Amino acid sequence: MAFIRKRRLERELYSKERFSLLLLNLEEYYFEQHTANHIINKGCRDERKFRGSLKICSKSIIFEPDDNIQPIIKIPLRDCMSIKAPEDNEASNPFTRDTSGRFSVVCNQVFLIKERNIIAPYKTVRGRTEHLFQLDVAGKLGDVVQNLHQLYRASCLDKMGDQAAMITAILQSRLARTSFDKNRFQSISETLHMECKAEMVTPLVTNPGHVCVTDANLYFQPLNGYPKPVVQITLQNVRRIYKRRHGLMPLGLEVFCTENELCSDIYLKFYNYQDRDELYFLIATYIENHVTEHTAESYMLQWQRGHISNYQYLLHLNNLADRSCNDLSQYPVFPWIIADYSSSVLDLTKPETFRDLSKPVGALNKERLDRLLTRYREMPEPKFMYGSHYSSPGYVLFYLVRVAPEYMLCLQNGKFDHADRMFNSLAETWKNCLDGATDFKELIPEFYENDSSFLVNSLKLDLGKRQGGKMVEDVELPPWASGPDDFLQKSQEALESQYVSEHLHEWIDLIFGYKQKGSEAVAAHNVFHPLTYEGGVDLNSIMDPNEKVALLTQILEFGQTPKQLFTIPHPRRIIPKLKSLSRTSSHSVSIAESPVSPNEESFEDLTEESITLAWNNIAKLKLDEQYKIHKEAITGIAVTCSGSSLFTTSQDSTLKMFSKESKTIQRSVSFSNMALSSCLILPGDTTVISSSWDNHIYFYSIAFGRQQDILMGHDDAVSKICWRDGRLYSASWDSTVKVWHCVPGEISSNKKHHFELLAELEHDVSVSTIDLNAANTILASGTKEGTISVWDVTTATVLHQLPCHSGTVFDAAFSPDSRHVLSTGEDCCFKVIDVQTGMLISSVTTDEPQRCFKWDGNTVLSGSQSGELQIWDLLGGKVIERIKGHTGAVTSMWMNEQCNSVITGGEDKQIMFWKLQY
């Protein structure tokens, strides 16, 4: 996991330095350091001097000896009795300046840390002790003592709010007296765009300094020069940038130079949101031409279609929901997946192996839930079901103490937790989450990663002795795991299993979705303390600084609920046959097994393979032939089963039959003087149906070469027609879609078609396009005002209605698996709707309107306003190929069943034949 890798890298970079910001208290700042000597037993025969570095911090004095055997000394300022230079007691001559650089600190408590460079709980020395320090630069003595006196006064204030206010004033004064050192620029030609004050955020600590943005780089210069003088990030390397909530305030900004890492390259906290937003704008403007911004909906589409794994999808959702490995109060949250920690073999084919993902941890045990609900009903407002959260700094470090012990010591004032409360066993931890009165924690990403070091006490830490006398060592694994790596491997397999893929959306609804808040959360038994939710408290409205500090401390230690990403039910995952997902790890996990053996490949499988091959090579589409056959724009194309003839309609009011073999127009028919809008051929290649702007639908007999029938079914222009299983579906500008049962007539006996109106789907405005799913049970319609409606045609009821486009919907079509509807409109956007939930899950902006398209659920072949054919990677949100075609807008498109032959019609009155050339 990124957190572990980052800790390991830090240890390698700063291995010679024992000091770290984790030695400070929470919300404490490190201001400055001075080379000095710590003098022990002054004036005695055994007087000794230890050379090292003296750190001045906002709540403590820290001395780090150069000799690693000696402990680091931490003196809390609140425990000091006096801080003075020797001349302070020379009342007879107050102006005497001692050039020795010595000053003494008398205190009643001191902490000894990392003696012999061993990470262990801090040793506390209580009782009156005196510490004498001598600065190398004696001239700084006066300033150092004066600063310590000022910080001492702050630490002695009774109320935490008053302490915080005074320390903040001291910090801001220091920042105001300094500025970014422009000599740190990588190049003298860089142009400065912005400079402001900010803090660099790492887990549990923040480091104040100056932020600077140029036309090429982002810089952060720590006020204290720690851990290095300047942090520099090249803007060209930035891939993602997110605004963050930090301390419940919109002041954070996180910058990533990678696509999939969870840990960022820098996390900054600003002192006002204006500076944060200005910096975000500068960087976002720089990278907008290089990076595609992903939304939760776009990641959802990739996940649904199997392009990213369950693990990757959860990482992206955490990232978008303000979860960061730099903020332990908002650390990424992952679900418990496995419920079996006692079997010798883990069987991922049995549902009982898995945790019920539709319930929060607190609701998994019915007996415990009943007790909690009884208390909930009796509780005054504001009510909550669970007294602790599923993610908090304490829970994160509970899991990671073996690789991040210093973080645990920082969080718990220099102590590890009691040995029996440590992360000792997977089975024990899971059982406590099921039965414990206050334990409802979920997991963290490390459980589904490749680095098992957090399960092993490789640092040989003394984590205490349990009640049975057993020392706390490695985490005890379930019987089905042969070792830590095998445990992670099987956990990954469980996360990517078919069961989890089918149910993960239920857990997402609880943590990131519509069951997170409100009545749905109550019904799902998913209600936590109000302070954990975004917007649960407005810190700006709290005027009492002491109340504000206490409340903020409580919230940060208790944990925070992720930002809500979805407000309607999350769609299920599509579980395809023969689909395999690769992880960012080295593991590849099969989602589902094929029901067809390798030696029994069906005709459908072969057809599916040929279609997949065609779409994988769709960029190799080449123009074969082109003909100008109409006098106005072409509106519809239909091809006979044999492929020898095609029919086209046009705004010039004609239906034309074109022979592919002779390359000539064989027939030209005009039903009225109004434009024709679309056409189709009935099964058997005997009849062509055309829709017209004159409100009618015309039936033309191919065999007899004449008009066979007219359906006068609408009060305005008919815009689009579809035919499925003996039913005709017609869309019109009269704001309706009508469903007709049609009994074909016989032209030889002059028997007319019989039409029976089965349903009328009413809209508010003109309907411009329609499409049906493969089962002919669901219809999608698009209107001139940009609304997409999804209808159940069996009951003639609307399932979903979304204002997708600003302007006319040009085309809409179901994906081959009928899970999604793609639409395009005059607003230059592609939109994808999940049919099951009605959620808009993707929006891709194009540089010009796309008038018509075909798609396979992932890739789109579209005809543009300029006449180009464009190939879009819908999941990546980008065009991957542009093919020159018509000289005007592409207005109609036909594709054969194998998807290797395409015919387009355009405003340039031409039809173009395209073929794939592998």
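Each chain carries its own residue numbering, running from 1 in the written order of its sequence. The predicted origin of the model limits local features to residues at a pLDDT of at least 70 and limits the giving and counting of side-chain atom pairs to 80 or more, whereas totals for whole chains, interfaces and linings rest on all residues. Remark: hydrogens and water are excluded; side-chain values derive from all non-hydrogen atoms of the structure.

(A) Main features of the sheet that holds strand β30 (residues 767-772). A pair of strands is considered paired only if DSSP assigns at least 2 bridges between the two. We count a stretch as a helix when DSSP gives it H or I for four or more residues in a row; a strand needs E for two or more, and each element gets its number in order from the N terminus. In space, the four strands of this open sheet follow the order β30-β31-β32-β33, with antiparallel pairing throughout. One side of each edge strand has no neighbouring strand; the edge strands of this open sheet are β30 and β33 (797-803). Taking each pair of neighbouring strands and ignoring which way they run, the sheet shows an average axis angle of 20 degrees. The convention used is that axes are lines fitted to C-alpha atoms, helices contributing only their stretch in contact, and that angles between N-to-C directions extend from 0 to 180 degrees.

(B) Representation of the UniProt feature "domain: BEACH-type PH" (unreviewed entry) in the chain in the model. Per the UniProt entry, the sites bearing "domain: BEACH-type PH" (unreviewed entry) are residues 187-284 in this numbering. Measuring from the first to the last C-alpha atom of residues 187-284 gives 22 Å, for a span that is 12% helix and 52% strand. UniProt positions are given in the numbering used here, feature names are shortened, and annotations may be inferred rather than shown by experiment.

(C) Seen up close, the packing of helix α5 (residues 296-304) against helix α6 (residues 310-320). Running from N to C, α5 and α6 point in directions that differ by 175 degrees, and their axes come no closer than 10 Å. On the basis of their axis angle, the class for α5 and α6 is roughly antiparallel. Counted together, Ala296, Tyr299, Met300 and Trp303 of α5 and Asn310, Tyr313, His316, Leu317 and Leu320 of α6 form the full contact between these two elements. In the scheme used here, Gly and all other residues not listed as nonpolar or charged are polar, with Ala, Val, Leu, Ile, Met, Phe, Trp, Tyr, Cys and Pro taken as nonpolar and Asp, Glu, Lys and Arg as charged. Tallied by class, residues from the contact of α5 with α6 come to seven nonpolar, two polar and no charged. Here the word oblique covers every angle except those under 35 degrees (roughly parallel), over 145 (roughly antiparallel) and from 65 to 115 (roughly perpendicular). Residues are treated as being in contact if the distance between any of their heavy atoms lies within 4.5 Å.

(D) Geometry of the domain arrangement of the chain. Taken as a whole, the chain is organised into domain 1 (19-87 + 98-175), domain 2 (178-293), domain 3 (312-558) and domain 4 (608-745 + 752-916). Domain 1 and domain 3 are separated by 38 Å when their C-alpha centres are compared. Listed as interface residues are 15 residues of domain 1 and, on the opposing side, 15 residues of domain 3. When two parts are put together, the accessible area they lose, computed with a 1.4 Å probe and summed over both, is reported as buried area. Buried surface at the junction of domain 1 and domain 3, both sides included, amounts to about 1300 Å², of which 70% is carbon and sulfur. By the criterion of area lost to domain 3, the three top residues of domain 1 are Leu22, Leu26 and Ile119, representing 45% of everything that side buries. Salt bridges, as used here, are contacts in which a Lys or Arg side-chain nitrogen is within 4 Å of a carboxyl oxygen on Asp or Glu. Our count for the domain 1 to domain 3 interface comes out at one salt bridge. Domain start and stop points were drawn from an automatic or database domain assignment.

(E) Geometry of the pairing of strand β7 (residues 123-135). Where strand β1 (residues 30-40) meets β7, four bridges bridge the pair, whose relative direction is antiparallel. Looking across to β7, one finds that Ala36 is bridged to Leu135. Alignment of strand β6 (residues 102-113) against β7, held across 10 bridges, turns out to be antiparallel. Within β7, the position partnered with Val105 by the bridge is His131.

(F) Molecular detail of the state of the cysteines. The disulfide criterion is simple: two cysteine sulfur atoms within 2.5 Å. In this structure the tally under the stated criterion is one disulfide. Sulfur-sulfur distance for the disulfide between Cys263 and Cys325 comes to 1.9 Å. Every disulfide takes its handedness from the sign of the S-S torsion; for Cys263 and Cys325 that torsion is 135 degrees, giving right-handed. Of this pair, Cys263 sits in the loop between β13 (249-256) and β14 (266-270) while Cys325 is found in the loop between α6 and α7 (366-378), placing the two residues 62 residues apart along the sequence.

(G) Fine view of the side chain of Asn546. Relative to the helices and strands, Asn546 resides in helix α14 (residues 545-558). The buried label applies to any residue whose accessible area, calculated with a 1.4 Å probe on protein chains only, is under 20% of its type's maximum; exposed applies above 50%, and partly exposed to all values in between. What makes Asn546 buried here is its relative accessible area of 16%. A polar atom in the side chain of Asn546 sits 2.7 Å from the backbone nitrogen of Gly161. Those residues within four positions of Asn546 in sequence are excluded, and the remaining contacts are Lys159, Met160, Gly161 and Asp162. Pairing of N or O atoms within 3.5 Å defines a polar contact, subject to two protein rules: one partner must be a possible hydrogen donor and the other a possible acceptor, and residues neighboring in sequence count only if both atoms are side-chain atoms.

(H) View of α14. Multiplying one less than the number of residues by 1.5 Å gives the expected span of a helix. A rise of 1.5 Å per residue sets the reference length of α14, with its 14 residues, at 20 Å; its end C-alpha atoms lie 20 Å apart and thus fit the reference within 8%. Looking only at α14, the buried set comprises Asn546, Leu551, Ile555 and Leu556. Those residues of α14 that are buried lie in contact with α3 (160-176) and α8 (393-400). Two or three places before Asn546, at the opening of α14, Asp544 has a side-chain oxygen 3.0 Å from that residue's backbone nitrogen. Gly559 occupies a position one or two residues after α14 and carries a positive phi of about 110 degrees.

(I) Broad picture of the pattern of salt bridges. Under the criterion given, the structure shown has 27 salt bridges. Among the salt bridges present, the one from Asp136 reaches Arg51, with a minimum N-O distance of 2.2 Å. In this pair, Asp136 sits in the loop between β7 and α2 (141-155) while Arg51 sits in strand β2 (residues 48-57), placing the two residues 85 residues apart along the sequence. Judged by its relative accessible area of 40%, Asp136 is partly exposed. Classification of Arg51 by relative accessible area gives partly exposed; the value is 38%. Its salt-bridge partner being Glu406, residue Lys114 comes within 2.6 Å of it at the nearest N-O pair. Here Lys114, found in the loop between β6 and β7, pairs with Glu406, found in helix α9 (residues 405-411); they are 292 residues apart in sequence, far enough to count as distant. Comparing Lys114 with Glu406 shows no difference in burial state: the two are buried. Among the ionic contacts, a cluster of salt bridges with common partners joins Arg244, Arg245, Glu254, Asp322 and Lys563.

(J) Here's a closer look at the packing of α2 against α3. Two elements in contact, α2 and α3, have axes whose closest approach is 8 Å; the angle formed by their N-to-C orientations is 155 degrees. Between α2 and α3, the angle falls in the class roughly antiparallel. Between α2 and α3, the residues in contact are Asn147, Gln150, Leu151, Arg153, Ala154 and Ser155 and Gln163, Met166, Ile167, Ile170 and Arg174, respectively. Of the residues belonging to the contact of α2 with α3, the class tally is five nonpolar, four polar and two charged.

(K) Spotlight on the environment of Ile338. Looking at where Ile338 falls in the secondary structure, it is placed in the loop between α6 and α7. For Ile338, a relative accessible area of 4% translates into the label buried. It is 6.0 Å that separates the C-alpha atoms of Ile338 and Thr353, two residues lying 15 residues apart in sequence. Leaving out residues up to four positions away in the same chain, Ile338 has contacts with Leu346, Thr353, Arg355, Trp430, Trp480, Lys490, Ser491 and Ala494.

(L) Up close: the sheet that holds strand β37 (residues 840-845). Overall, antiparallel pairing links the four strands, which are arranged β34-β35-β36-β37 in an open sheet. One side of each edge strand has no neighbouring strand; the edge strands of this open sheet are β34 (809-814) and β37. Averaged over all pairs of adjacent strands, the angle between strand axes in this sheet comes to 15 degrees, irrespective of strand direction. In the sheet, β34 pairs with strand β35 (residues 820-825) via five bridges, with the strands oriented antiparallel.

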